[in-house]
Structures are given as structure tokens and as C-alpha cells.
Amino acid sequence: MSFYTSLTGLNAATAMLGVTSNNISNVGTTGFKRSRADFGDIFATSPLQKASSTVGQGVSLKQVSQEFSQGNISFSSNALDLAVTGDGFFPMRSADGLQELFTRNGSFLLNEQFNVVNSSGQRLMAATVDSTGSANINERVVLTIPQKTSGDAKQTSLVSLGLNFPADAEVITETFNRSNPATYNKSTAFTVYDNGGNGYLATIYYVKTANANQDVPFNKWQTHVFVGEDQVDASLVQATDANNEKIYVNQYGQTKPYSLIKDELTTAKTQLFSLDELTAKKISQAAEVTGAAVSETNYNWIEGKARASLSSLLVANAFSVDVDGSGVPVSIDLSKLNSVVPASKLITGDMIAEEATNQLIKGFGVTRTSGSVTGGERYGMKVLFDAVNKKFVVQSGTTGDASSVAITAVNANATTALGLTVDSKLTESVATRGIESTPAVAYGSTPTVNTATNFKVEDINNDFIVTVDGIKATVSVDVGEYSLAEFTAALQTKINSMVEVRTDGLTPKEINGVKVEFDPVKKAFKFTSGTTGSDSFIKISGEPIWGLSAVEAGRGTTSTWIQPTQHIDYVNGTPQPKYIDGEGNETTSSDGYVGLPAWSPVYLDKGELTFDTGGNLVSPVEGTQLETVYLAGGKGALTINIDYSASTQFSSAFAVLSQSQDGAPEGDLVGVTIGNDGLVSASFSNGSQKSLAKILLANFSSPVGLRQIGDSSFLTSAASGKPILGTPGSAGFGTLRAGATERANVDLTQELVDLITAQRNFQANAKAIETSSTMTSAIINLRS
């Protein structure tokens, strides 16, 4: 039996030698995992045998298993080479697509179908990803690297140009002709793309059309755009404010953003207004009735007439005036001139106008009642004598189309002598006289008295020096205790009791309508005149306790307004007024236009660039929108917006500071990157980047149980368990390193030692067989 026992030892040593030789031979095989021979002793006995006296029968090879320890990392220049650092196998699909394989060999390349494969044609499997790079492990595909983008061409819709226009450029008035460089200042060119990725040369020509001046403080450049040989006109673009809100204009040229007037907008047809054409500034006027010219032969109102010759005119009810439709007119009594003007003094037109003015101020300065009608207070009315045209003029107290004035009754002598007749100037619904002017306003400083509680007015601080519209007086508030409201009301009453001091007996000018308030924001007293316009004036001076020791005088302002001018295009010299329909479309048809709505949109001039005197772009803020250009050959259409927001106009030379556009052609593959997490990204020549897939790793509950099939590949078995898939770097899985491979985990020194051991074992077992053979021969020779 010893012969056969030693024979098993020879077989075991031969197997060990074979495993070691296999390890040594694969020391350069990428991803190879060292094999190990596992042996077991042979021991056989029967139930009736005594085990302690039974001799073993040799050794047997139990299994050849792999050691899946980490191999060293070797770097390469192939971006598709991959090495797993840690646990995991690459999931592969056999060349025929029928088998699922696993390997640590990360030497990959592209086949003719641009699949990522190994040298055996096995294809690498990967998970699909979404736009964020997140993997769907349940949806696995063969990893494919496209050589061109497909469907990634992008049509140009936005071009961004940052240019510097030279401030000293010459203004060109000659008609633009792209063939004549003398008709434009500068030009730029770039490529735009349609949705198929086809490129077209776009050229923009720049013509300086206006320098800034006192009336229009803006520099203007006109743009002319060509795509290929086709000129592309700019679309109509609504003007916006600094907050990028669309702006609208009313009939007085006042502009407001959409958010403030959105509830007043309608779809009514309106005129087309250009922002640059809102320049027709006008001064607001009061409503006025003008009498007929008076015969200088009969009534020379410049030199004057003797009182005795005017007895029929100087009567109690010469004429009556109503203002703003109060319903209670004021009658002008000229009899006072007859009673107080000396007989030797001539009565002039200015004297009559002044007397009538003061009577109107006095009459309208109080609430009046006529039957069931109550007339409210009005301020600032005037009667003027126009010495140039020899006419008397009656004016309402305020400017603007909301004011009105009417001569409601005139006696015959006033008609003859003053040229006045029953007449009126009513309110206007169409912009005619402008808007209301502003009153004079004066503010004090913060008073030292505590206005939150009652306070005392004493004889040392109750005097106030007040000047209103040329009348100056010292007013005194009664000594006593006041609340804030009581004090302002008392001071207001005192100021509105001021009267012009006259010694000629004629009607003095009175002060009416002044308002005294306490401004809670400024924490100061506020004084507002009753009259409006540039003739309005108010100033007050009082003790420091009231914050009135150094009050700056307030002056009113006669308002100005802008009459919007309808934009007109000229076609072959023929004017064509432009309108905007209810859908915002430009048209030359006036059908359906019945007048201006409350608010109309304001537009920028087509293709025009406007810079302020500081060289900053004023418009267009949102860019120049071009009309749709239809491409030759039915290749589609382009609708492009050109953004000039980064452009300037400085004294330096013309320069392209920045230039970009959002279109792109189809791109060729220029590079592939694989992240440590397995995300595969491709870069293309059109600048696009695309996440293709995410390489997965597979792990097993018992990798030793995998079935080795060669080419460093394995199949699953019952012993290994089913594959567990996951992304590199997640729990239980190693990471990937691109441009590297994992070398065999064979330790050559150890293998050589094992080789010597196998040789020694073989020799020892051979010696045992030799000894057994000698003993057998000795026994056979006993017979002789």
C-alpha cells in the first residue's frame, strides 16, 4: 500500500507544480488572480476497524481556488483602461450576447460598433444615467462611445456682443450700402447655426447716426444685419426701464412701468410711439378765455381812460366768472374804481385787470352757495390785459386739461369796453394744455417742543413772519395750550387771513388756500401754497422751538409735458404713419383707431443702439430682436436676439471685447473621461459635454466560488451566489481608476519558493516509491 500512498504524493506534488507554474506563467496577465492548490489527506476505515491503528492512504487534490487580493496598479495612456481599487468585478457580456461574465481585467478598447470591449470581444456593461449623472442600475446597456453627436446641434437664438464703439466716430448721413465702406463705420462677423448644425456667416454693420447734444443727450448707432446675402430687419422691441419692466406712455408724455398701470391697459389700437421721439416738450397752460380786441380809438387801455368817461362800465355787475365748473360764479364789481380812483387819474387796462383778479381771489377763496349749489374754494385765478393785442384774458387758477374757466354773464358795456362775451374754456379729454403745476412747499426742521402731547404757545414764541405770493405779514397765534392738530389749524387760519396792505381803496389781494401740516416722516412742519406754478412762493420764519428759524423758501413749478409724436416711416419718400393693433403688431392701417387709450406702449427704434454721454448703453436693454430669416433650401428659419449689454462707447478704438452665441453644430468626439464613480463623459468639438453611462461593479457573497473560464474571466456558480451590482465607491464596492490596469497579484518570489517545495515533495515521494520497490524485491528474492 505504501507504493500507492507515495503515488498520490507524486500526483499532489505534480498538481502543486502545475498550479505554481500557471501562476508564474501569468505573472504578466492583466487582472489575473493567483491560483492556489488545496489538498486533503485520504483516510479510509470501516466501522469494525480500530481507527487509531489505521494508516492513512495518501493525499488528494480538493480544489484549485483563486486568491482575489488586490494587484498592483499599472498606468497607461489609454483612457478606456480601468482598474478596480477594492472589491468588485466588471460585468461583461459575451461576444454572442448570451453569457454574463465577470472580470478584473480592465484593458478595454473600442470595436467597429464603438462598443467598449476587451481583447476577447466581451462587451462592458454599464447603467444608463439621467441629466444629473444618477445611474439607473436596473437599466443596463452595452457601453458605447459615440464618435459624433447626434441631435445635439443647436439653433442659434442668442448672440452676445461686447463691443467698444469709438466716441469720436464720424456721423454718417449717406444711405447705407454694404458694398460701400464709406456708408458705415465698422462691422463684425460671426457664424450662426440652424437646427441641423449648418453654419451661416452673419455680418453686422454699424453706422453712427447722431452725436449727443443739448436737446437729445444721447449718441446713436444704427445696425444693419445680414445672414449670408439676406438682410434681416430688427423687430419692434418695447422699451424697458432700469428694472427691466416694459414702459408705457400717456398722452402727456409721462412714462410708467407695467406694474403701475397694468389695470388701465386695454387692447385698443394706438399710435406707434418711439422712445427717442418723446422730445416735444411743452409748458402747461391754464384754461383761459380771451376777449375780442378793443378799439384803441374808443378805449385806449394802455394810456388809460378818464373815470368820467367810464361811468357805464364801472358798475356792480360788469361780468361774472366761474372756475372749474364750481356752479357758483363770482361777479366782478367795477363800481369801486368809480368811487375810489381820483377823477384826475386815468384808469388803465392793468388797473381793471388787477381789480378783477383780486375780486376773483377773494370771491373764490371762500365756500359759496347759490340755491342748492355749493361752490368750493379755488385759488390763483387771474385777469390779464394783453397790451400787445389789446385784449383782456381771464385765466383759471391751475394749469392742465382738468381746469376750466367760463364767463357766465357780461353786461353790454363790458362787452363794448373790454371785449368780453359769454364764453368758456372747458376741460379737455385730448392733451391740449398739459398737466397741473405744483405748488410752493416749504419744510421746517424738527421742532424742540414735544408734539406728541399738548404744548403751550406763549407770547415769546407765537409770532411768525410769513411771505406768500408777494404778500408779507407777521401773524400771531393766540397764546394758550394746543394739541398738534389744533396748532396747525390755528396757524393755517392766521396765514389765510393775510391781506395785502393798500392805500388806494381798491380791493386788496388776499391769501387763501395755504395748508399747514406736520410731516410725520420728516418730523417737521410743512407749508403748501394754495396757488401753483412758477409764480407761487412761500416762506415762513418763527422761533427755534417750532423748527422754523431757518426755513428755506419754497417755490412752485409750472409743469411741462411732452406731446407724443406718432412714428412715421418713409417709403420712397411717402410718409406712412405707424399704428399698433390690439395684439401688439405694427401696422400702417388706421382702421379701428378711435383715439389714444390711457396708456400706450413705447418702443425702441429698430436696430438702434443708444449710449449716454458717459459711454454706457441706454437701449436696448433686452437686446435687439431680429425678424425671422428663412434659410435657403428649406433648411428652416432663424430667430435671433443680439445682446449688446456689454457694449460701451469710449474714446478708445473700435474693439470686440467679447463675442459668443448659443448655437452649435454637430460635434466630433475629442475626449472621454471616466470618473472614480464610474461616470463616463464624452467631450465633443462643438463644446458640448454628454454623460453617456455609469460603469457598474459586481460583487459576490463568495468570490472564491466563481468559475474560472480563462481570459481572466469568471462565471457565476451556486457556490459564488448571484451577482450584486452597485456603483463604484458605494458601500461594498471599490473605486475605478481610469488610464490604469490591475496587474496580476502573483508574488514571483513566493511562487519560486512554492516551486522548490513542490520539487522537494516530488523527490521525497519518488524516494518513498523507490524504497517500497526495493523492499518488494527483497521479499520476492526470499524464495531463492
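Please read all numbers here as calculations on a predicted model, not as lab measurements.

Thresholds, definitions, all that
Residues numbered from 1 in each chain as written. Predicted model: local features only at pLDDT ≥ 70, side-chain atom pairs only at ≥ 80, totals over all residues. Heavy atoms only, no water. Pairing = 2+ DSSP bridges. Helix = DSSP H or I, 4+ residues; strand = E, 2+ residues; numbered from the N terminus. Axes fitted to C-alpha atoms, helices over the stretch in contact; angles between N-to-C directions. Contact = heavy atoms within 4.5 Å. Phe/Tyr/Trp six-rings, centres within 6.5 Å; stacked < 30°, edge-to-face > 60°. Buried < 20%, exposed > 50% of the residue type's maximum accessible area, 1.4 Å probe, protein only. Lys NZ or Arg CZ within 6 Å of the ring centre and 35° of its normal.

Student: Where do I start with the sheet that holds strand β32 (residues 439–443) in this structure?
Tutor: Paired through their backbone hydrogen bonds, the strands of a sheet run either parallel or antiparallel. Read from one edge to the other, the open sheet built from three strands follows the order β32-β38-β37, with strand pairing classed as antiparallel. The sheet is open, and its two edges are formed by β32 and β37 (515–519), each paired on a single side. Sheet twist, expressed as the average angle between the axes of neighbouring strands with direction ignored, equals 25°. Looking at chain direction, β32 and strand β38 (residues 524–532) are connected through four bridges and run antiparallel. What sits directly across from Val-441, in β38, is Thr-528. Helix α6 (residues 484–495) rests against β37 and β38 of the sheet, and its axis sits at about 150° to β37.

Student: What is the right way to read the packing of aromatic side chains from this model?
Tutor: Here the distance between the centres and the angle between the planes together describe a pair of aromatic rings. Per the stated rule, a full pass over the model turns up 30 aromatic pairs. Measuring from centroid to centroid gives 5.4 Å for Phe-90 and Phe-108, while their planes differ by 85°, and the two rings are edge-to-face. Of this pair, Phe-90 sits in strand β5 (residues 90–93) while Phe-108 sits in the loop between β6 (100–103) and β7 (109–110); the two residues are 18 residues apart in sequence, bridging distant segments of the chain. On the numbers, 5.8 Å between centres and 90° between planes, the contact of Tyr-205 with Phe-226 is edge-to-face. Note that Tyr-205 is positioned in strand β13 (residues 199–210) and Phe-226 in strand β14 (residues 218–227), a separation of 21 residues in sequence. In this pair, the class of Tyr-205 matches that of Phe-226, namely buried. Aromatic ring contacts, followed pair by pair, group Phe-455, Phe-464, Tyr-482, Phe-487, Phe-518, Phe-525 and Trp-546 into a single cluster. Here the guanidinium or amino end of Arg-178 rests over the ring plane of Phe-226, the centre of that ring lying 4.1 Å away. In this structure, Lys-269 packs its charged tip against the face of Tyr-579, placed 5.9 Å from the ring centre.

Student: For this particular structure, what's the right way to read the sheet that holds strand β31 (residues 423–425)?
Tutor: Judged by pairing direction, the sheet is antiparallel, and its four strands sit side by side in the order β24-β23-β30-β31 without closing on themselves. The open sheet has two edge strands with one neighbour each: β24 (330–332) and β31. Averaged over neighbouring strand pairs, the angle between their axes works out to 20° when direction is ignored. With five bridges connecting them, strand β23 (residues 319–323) and strand β30 (residues 405–410) associate as antiparallel partners. Of the residues in β30, the one forming a bridge with Val-323 is Val-405.

Student: Looking at this model, I keep getting lost on unusual backbone geometry. Mind explaining?
Tutor: As a rule of thumb, non-glycine residues mostly have phi less than zero, and peptide bonds are mostly trans rather than cis. Of the consecutive residues Ser-619 and Pro-620, the connecting peptide bond is found in the cis state with omega at 0°. In this fold, Pro-620 is placed in the loop between β48 (617–619) and β49 (624–625). Here Ser-712, not a glycine, exhibits a phi torsion of approximately 55°, which is positive. Assignment of secondary structure puts Ser-712 in the loop between β58 (707–710) and β59 (713–715). Owing to a relative accessible area of 9%, Ser-712 belongs among the buried residues under this scheme.

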